[in-house]
Amino acid sequence: MTTILPRIRLYLVAGAALVFLGGLLVATGRWNRAATDRAFVDAAALAASNPPPVGGVRYWAPTGNGVPAPILRVRIEAAERLRQIPALPALPQTPRSSQTTQTGSPPTDKPPAAPK
């Protein structure tokens, strides 16, 4: 009997075990990320449902698993949309911006042309 056949079987079983353990590690990592996400969703729902403190910073630690109620989810999403809207830049106010020439056009920096 040759020794190569048992060695091949050993390599196949070891490879299958490594693939199984790698998949188990990936699944555990995804499970932990999902649990963390659920905890932060619950913390965001708690933060949105309570009014902000008068003089301090609001802090909520994530706890347990949970999904906010639909009305809280709408409030959270609306607040996020308002935070993402960029503020319009203020237009500079110049003293000449309110002046117009006799023709109704805004003044220019060039002097009027001399008649020929």
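The structure reproduced in this document is the subject of the present report. What you see as residue numbers is a count from 1 along each chain, following the sequence as written. This being a predicted model, a pLDDT of at least 70 is required before a residue's local features are given, and a value of 80 or more before pairs of side-chain atoms are given or counted; all residues contribute to the totals for chains, interfaces and linings. Water and hydrogen atoms were dropped before computing side-chain values, which therefore reflect all heavy atoms in the structure.

Before going further, it helps to spend a moment on the overall build of the protein. Counting secondary structure elements, the protein contains 2 helices and 0 strands. Taken over 116 residues, the protein has a buried fraction of 7%. Only the protein chains shown count as covering a residue, and every accessible area follows the Shrake-Rupley method with a 1.4 Å probe. With the model as given, the accessible surface of the protein reaches about 10600 Å², and the carbon-plus-sulfur share is 67%. Helix and strand definitions here come from DSSP, where helices need a minimum of 4 consecutive H or I residues and strands a minimum of 2 consecutive E residues; each element is numbered from the N-terminal end. Here the term buried applies to any residue with accessible area under 20% of the maximum for its type, exposed to any over 50%, and partly exposed to those in between, with areas from a 1.4 Å probe on protein chains only.

With that out of the way, let us pick up a nonpolar patch on the surface. Only residues whose relative accessible area exceeds 30% and that take part in no salt bridge are eligible for patches, with like-charged residues grouped when within 9 Å of each other and nonpolar side chains (Val, Leu, Ile, Met, Phe, Trp, Tyr) grouped when within 5 Å. Think of a salt bridge as a Lys or Arg side-chain nitrogen and an Asp or Glu carboxyl oxygen that are within 4 Å of each other. Taken together, the side chains of Ile 4, Leu 5, Ile 8 and Leu 12 present a nonpolar region at the surface, about 390 Å² in accessible area. One can find Ile 8 in helix α1 (residues 4–49).

Quick look at the packing of α1 against helix α2 (residues 70–84) now. The angle between two axes is taken between their N-to-C directions and runs from 0 to 180 degrees, where each axis is a line fitted to C-alpha atoms and a helix contributes only its stretch in contact. Where α1 contacts α2, the axes come no closer than 10 Å and their chain directions differ by 85°. Relative to α2, the element α1 is oriented roughly perpendicular. Contacts from Ala 44, Ala 45, Ala 48 and Ser 49 in α1 reach Leu 72, Arg 75 and Ile 76 in α2. Its residues placed into classes, the contact of α1 with α2 shows 5 nonpolar, 1 polar and 1 charged. Put simply, angles under 35 degrees are roughly parallel, angles over 145 are roughly antiparallel, angles from 65 to 115 are roughly perpendicular, and the rest are oblique. Should any heavy atoms of two residues lie within 4.5 Å, those residues are counted as being in contact. In the scheme used here, Gly and all other residues not listed as nonpolar or charged are polar, with Ala, Val, Leu, Ile, Met, Phe, Trp, Tyr, Cys and Pro taken as nonpolar and Asp, Glu, Lys and Arg as charged.

Turning to its location among the elements, Ala 45 is positioned in helix α1. Ala 45 sits 28 residues away from Arg 73 along the chain, and the two C-alpha atoms are 7.3 Å apart.

Okay, α1 next. Here a helix's expected span is defined as the number of its residues, less one, multiplied by 1.5 Å. With 46 residues, α1 extends 68 Å between its outermost C-alpha atoms, agreeing within 8% with the 68 Å of an ideal straight helix rising 1.5 Å per residue. All buried positions along α1 are accounted for by Ala 39, Asp 42, Ala 43, Ala 45 and Ala 47. For α1, the elements touching its buried residues are α2.

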